[in-house]
Amino acid sequence: MVALERFVVLLYDKTSNCVDVNNARKHLFTKTGRQIDHIPPSKEALIQHCKRAVYQGAHIWSQASNPTPPLPDPSDWGWQFVKGNWHPLWTTLPQASETCQELLKCGCKTGCSSKRCKCFKTGLKCTALCICNGCSSTCQN
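An account of the accompanying structure is given in this report. Quick caveat, the model's predicted, so the values are computed rather than measured.

## Brief notes about the environment of R52
Okay, step 1: Structurally, R52 is set in helix α3 (residues 43-60).
Okay, step 2: The exposure class of R52 is buried, given its relative accessible area of 9%.
Okay, step 3: In this structure, the C-alpha to C-alpha distance between R52 and G78, residues 26 residues apart in sequence, is 5.2 Å.
Okay, step 4: Beyond its immediate stretch of four places on either side in the chain, R52 contacts W77, G78, W79, P88, L89 and W90.

## Some thoughts on the nonpolar core
Okay, step 1: Counting residues in hydrophobic clusters, the biggest one holds nine residues: C106, C108, C112, C117, C119, C126, C130, C132 and C139.
Okay, step 2: Counting residues in each nonpolar core, the second largest holds six residues, with V8, V21, A24 and L46 among its members.

## What about the environment of L11?
Okay, step 1: Mapped onto the fold, L11 is located in helix α1 (residues 2-12).
Okay, step 2: For the pair L11 and P40, spaced 29 residues apart in sequence, the C-alpha to C-alpha distance is 8.2 Å.

## Quick look at the packing of α1 against helix α2 (residues 21-30)
A pair of packed helices is captured by two measures, namely the crossing angle of their axes and the spacing between those axes.
Okay, step 1: Look at α1 against α2: their axes get within 9 Å of each other, and the N-to-C directions meet at 20°. Relative to α2, the element α1 is oriented roughly parallel. Viewed along their axes, α1 and α2 form a crossing whose handedness is right-handed. Contact residues: α1 offers E5, V8, V9 and Y12, while α2 offers V21, A24 and L28.
Okay, step 2: For the contact of α1 with α2, the per-class residue count stands at six nonpolar, no polar and one charged.

## Focus on α3
Counting along an α-helix, one turn takes 3.6 residues, and residues three or four places apart therefore face a common direction.
Okay, step 1: Helix length check: α3 (18 residues) gives 24 Å between terminal C-alpha atoms against 26 Å at 1.5 Å per residue, within 8%.
Okay, step 2: Of the positions making up α3, those classed as buried are A45, L46, Q48, C50, R52, Y55 and H59.
Okay, step 3: Taken together, the buried residues of α3 touch α1, α2, β1 (79-82) and β2 (85-88).

Cut-offs and rules
Residues numbered from 1 in each chain as written. Predicted model: local features only at pLDDT ≥ 70, side-chain atom pairs only at ≥ 80, totals over all residues. Heavy atoms only, no water. Helix = DSSP H or I, 4+ residues; strand = E, 2+ residues; numbered from the N terminus. Buried < 20%, exposed > 50% of the residue type's maximum accessible area, 1.4 Å probe, protein only. Contact = heavy atoms within 4.5 Å. Core = buried A, V, L, I, M, F, W, Y, C linked by side-chain atoms within 4.5 Å. Axes fitted to C-alpha atoms, helices over the stretch in contact; angles between N-to-C directions. Parallel < 35°, antiparallel > 145°, perpendicular 65-115°, else oblique. Left-handed = near helix turned anticlockwise from the far one by under 90°. Nonpolar A, V, L, I, M, F, W, Y, C, P; charged D, E, K, R; others polar. Expected span 1.5 Å × (residues − 1).

Pasting the structure below:
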């Protein structure tokens, strides 16, 4: 997995020194301002993807000539059975939008204590993602 993680990191940032996809995700999202769909998958999502690839290659295609191959349970290999069909299990982690309100960022250039500030309105402190950087002299939140 270490080699795969490093490979995936390099796919998204060829100059990165990171070997861990989660650290690369954090760096690319917070420091370079990359959109969420332009950063590597989380380690957990990468693990699920690798499981599906191994299941397909090692269990399905390696037995392609067998009309009734003995196959392991797909739920152990990155798949989930939903409403009568098998679907990819993308990750076992909860959705970020449901658990990480700190991903919210404001675009305030002055005075983050007003009702126009997204962070202030939701009762959260400004963070490094915000234009104000959460620590500038103009940020009062």
